[in-house]
Amino acid sequence: MGRLLNYRTATLVVALLATMVASAFSANFYDEFDLTWGGNRGKIFGGGRMLSLGLDRVSGSGFQSKKEYLFGRIDMQLKLVAGNSAGTVTAYYLSSQGPTHDEIDFEFLGNETGQPYVLHTNVFTQGKGNREQQFYLWFDPTKNFHTYSIVWRPQHIIFLVDSVPIRVFKNAEQLGVPFPKSQPMRIYSSLWNADDWATRGGLVKTDWSKAPFTAYYRNFNAAACTVSSGSSFCDPKFKSSFTNGDWQVGNELNAFGRRRLRWVQRYFMIYNYCADLKRFPQGFPPECRSSRL
Ligand SMILES: *[C@@H]1O[C@H](CO)[C@@H](O)[C@H](O)[C@H]1NC(C)=O
């Protein structure tokens, strides 16, 4: 018993220390982001350790990164709009500029109190998207902060939720599918009203009596290559993000990572464009062939 207690205490202390270290190393929102629209509905507070976005009847709000990234592992913790969030969308994504832009999307579609959020993902390359996959989450994303990560490497893009891989978009250039590899991207996030489509396909409207709606951000961490005035600098942490972790070995998913991915795809995936026969009666897009693991 005593030993068990000690072990538990030790585990707790280690977990606590890890959290402290993580927040000590996580970047300051003042240094890394600009609030870009929505007036004072967006806020940085807590000495730069926290950010929130707001949405009311008049406007939503948003922010973007000061830096441009070209590959990296980018982590952010989000706590989504609680209660009746139907009609609201919290978008968190990487995007480059222009008509042939690349984009890597997380979009959180709100819902009525007690009904599940939908996590919508997409990948645009050379201006072309239509690669949606949607998931329910295995927790309530409004109760606590959870970590949403994008691992963007020349070989693939991996979407992670609390270090669980939920989606892998492999580089399929050899099949003629463009891959994002030359256009630097910024990080964007916004909270906005999309009650014409977001919740149950637009059936459930935003309940403005519950406004303002608020989403929270903390512990931003980028182990990435940044590009400024044409030259690229890679944070050494980017290289070390390739080393073996709990879900990867080198730059591949390990057996555990593949198992976790299959678990998510089996029990939580609610839409996969690569399985939507109605949409692609003439055959699936070529990258669908390589997306099976
Ligand atoms: C909202 O809840 C309904 C009912 O549980 C569910 O069908 C739907 O997928 C949920 N999410 C959205 C965004 O509509």
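As a reminder, the structure under discussion sits directly above these lines.
This write-up is about the structure you can find in this document. Quick caveat: nothing in here was measured; it's all calculated off a predicted structure.

Glancing now at the overall build of the protein. The helix and strand inventory of the protein stands at five helices and 18 strands. Within the protein, the proportion of its 293 residues that are buried is 51%. Within the structure as shown, the protein displays about 14,500 Å² of accessible surface, and the carbon and sulfur contribution to it stands at 54%.

Attention now moves to the site of the ligand. Inspection of the region around the ligand gives Leu109, Gly110, Asn111, Gln115, Pro116, Val118, Tyr136, Ala198, Thr199 and Arg200 as its neighbouring residues. Residue proline 116 places a main-chain N or O atom 3.3 Å away from a nitrogen atom belonging to the ligand. Considering only residue class, the shell around the ligand consists of five nonpolar, four polar and one charged.

It is worth spelling out the packing of aromatic side chains at this point. Going through the model one piece at a time under the given rule, you end up with 20 aromatic pairs. Centre to centre, the rings of tryptophan 263 and phenylalanine 268 are 5.0 Å apart; their planes meet at 65°, and the pair counts as edge-to-face. When its relative accessible area of 17% is taken as the criterion, phenylalanine 268 is described as buried. Each residue in the set Phe29, Phe33, Phe63, Tyr217 and Phe220 is aromatic and connected to the rest through ring pairs, giving one cluster. Above the face of the tyrosine 216 ring, lysine 79 is positioned so that its terminal group lies 5.7 Å from the ring centre. Here the basic side chain of arginine 260 rests over the ring of tryptophan 263, its NZ or CZ set 4.9 Å away from the ring centre.

Here the focus is the pattern of salt bridges. On inspection of all chains with the given rule, the structure shows eleven salt bridges. For arginine 279, the salt bridge identified is with glutamate 132, shortest N-O distance 2.9 Å. Placement of arginine 279 in the loop between strand 18 (269–272) and helix 5 (287–290) and of glutamate 132 in the loop between strand 8 (118–124) and strand 9 (133–135) is noted, with a sequence separation of 147 residues between them. Looking at arginine 279, the relative accessible area reads 31%, which means it is partly exposed. We classify glutamate 132 as buried; its relative accessible area is 15%.

Taken in spatial order, the eight strands line up as 1-4-13-6-7-8-9-18 in an open sheet, and their pairing is antiparallel. The open sheet has two edge strands, strand 1 (33–37) and strand 18, and neither has a second partner. Here the average twist between neighbouring strands, direction ignored, is 15°. The pairing of strand 6 (residues 88–95) with strand 13 (residues 186–193) spans eight bridges and is antiparallel. Its bridge partner lying in strand 13, threonine 90 is registered against leucine 191.

Within the structure shown, the criterion is met by two disulfides. Disulfide partner of cysteine 225: cysteine 234, at an S-S distance of 2.1 Å. Of note, the bridge from cysteine 225 to cysteine 234 carries an S-S torsion of about 105° and is right-handed in sense. Sulfur-sulfur distance for the disulfide between cysteine 274 and cysteine 288 comes to 1.9 Å. Taking the torsion about the sulfur-sulfur bond, which here is approximately -80°, the covalent link between cysteine 274 and cysteine 288 counts as left-handed. Of the two residues, cysteine 274 sits in the loop between strand 18 and helix 5 while cysteine 288 sits in helix 5, which places them 14 residues apart along the sequence. If you count the bonded cysteines of the protein from the N-terminus, they pair up as 1-2, 3-4.

Calculation notes
- Residues numbered from 1 in each chain as written.
- Predicted model: local features only at pLDDT ≥ 70, side-chain atom pairs only at ≥ 80, totals over all residues.
- Heavy atoms only, no water.
- Helix = DSSP H or I, 4+ residues; strand = E, 2+ residues; numbered from the N terminus.
- Buried < 20%, exposed > 50% of the residue type's maximum accessible area, 1.4 Å probe, protein only.
- Areas by Shrake-Rupley, 256 points an atom, 1.4 Å probe, with all protein chains shown as cover.
- Near = heavy atom within 4 Å.
- Polar contact = N/O pair within 3.5 Å; in protein donor to acceptor, adjacent residues only side chain to side chain.
- Nonpolar A, V, L, I, M, F, W, Y, C, P; charged D, E, K, R; others polar.
- Phe/Tyr/Trp six-rings, centres within 6.5 Å; stacked < 30°, edge-to-face > 60°.
- Lys NZ or Arg CZ within 6 Å of the ring centre and 35° of its normal.
- Salt bridge = Lys/Arg side-chain N within 4 Å of Asp/Glu carboxyl O.
- Pairing = 2+ DSSP bridges.
- Axes fitted to C-alpha atoms, helices over the stretch in contact; angles between N-to-C directions.
- Disulfide = S-S within 2.5 Å.

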